[in-house]
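Coordinate analysis (summary)
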Amino acid sequence: SPRCVYLMKGRNDLSTGIPEATILANFATIIGRYVAAGIDYRVISVLPSKGIAGITSLNTALQSAYPTKFIDIYSYLNNGGNIKGQFDSGDGIHLWEAGHQEIAKRIIDLETTLQQTIN
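Calculation rules
- Residues numbered from 1 in each chain as written.
- Predicted model: local features only at pLDDT ≥ 70, side-chain atom pairs only at ≥ 80, totals over all residues.
- Heavy atoms only, no water.
- Axes fitted to C-alpha atoms, helices over the stretch in contact; angles between N-to-C directions.
- Helix = DSSP H or I, 4+ residues; strand = E, 2+ residues; numbered from the N terminus.
- Left-handed = near helix turned anticlockwise from the far one by under 90°.
- Contact = heavy atoms within 4.5 Å.
- Nonpolar A, V, L, I, M, F, W, Y, C, P; charged D, E, K, R; others polar.
- Expected span 1.5 Å × (residues − 1).
- Buried < 20%, exposed > 50% of the residue type's maximum accessible area, 1.4 Å probe, protein only.
- Arc of directions from axis to C-beta.

**Let's talk about the packing of helix α2 (residues 20–36) against helix α3 (residues 55–65)**
Direction vectors running N to C along α2 and α3 enclose 40°, while the axes themselves pass 11 Å from each other. Once α2 is placed against α3, the crossing between them reads as right-handed. On α3, the residues that touch E20, I23, L24 and F27 of α2 are S57, L58, A61 and L62. Looking at the contact of α2 with α3 residue by residue, the class counts come to six nonpolar, one polar and one charged.

**Digging into α2**
Over its 17 residues, α2 runs 24 Å from end to end, which matches the ideal 24 Å to within 8%, given 1.5 Å per residue. Taken as a whole, α2 has its buried residues at I23, F27, I31 and Y34. The buried residues of α2 occupy one face: seen down the axis, they fall within an arc of 65°. Exposed and oriented more than 90 degrees from the buried face of α2 are A21, R33 and A36. For α2, the elements touching its buried residues are β1 (4–7), α1 (11–15), β2 (40–44) and α3. G38 lies just past α2 and shows a positive phi near 75°.

Below, the structure written as structure tokens:
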């Protein structure tokens with residue numbers, strides 16, 4: 001049983017035309033299952049992606065719905081709606097290893113700050 005789950009989803013849903021309201025309802029269902037099982041969670045923002053509309057709106061809605069659980073990675077990787085070059089694998093959608101490392105670093109930094117606040 002994990003103590004905490006990091007949930008990052010929605011980009012593929014947006015790219016296939018699934019409405020934001022449905023995506024948010026899916027988040028609520030998944031998170032409800034975590035909470036019922038006694039598992040803490042964090043919601044990681046949807047990453048910037050070449051040619052996918054609605055990412056900023058969905059991130060705003062997620063941050064509003066889960067303000068104390070939301071981790072903004074989008075802002076760190078964003079370059080005009082695309083993934084910054086040093087993190088982009090070249091297709092505008094997938095990350096290089098450096099992008100994954102950046103996400104891990106941001107999560108660790110935020111969790112460290114949170115633990116210092118609690119203690």
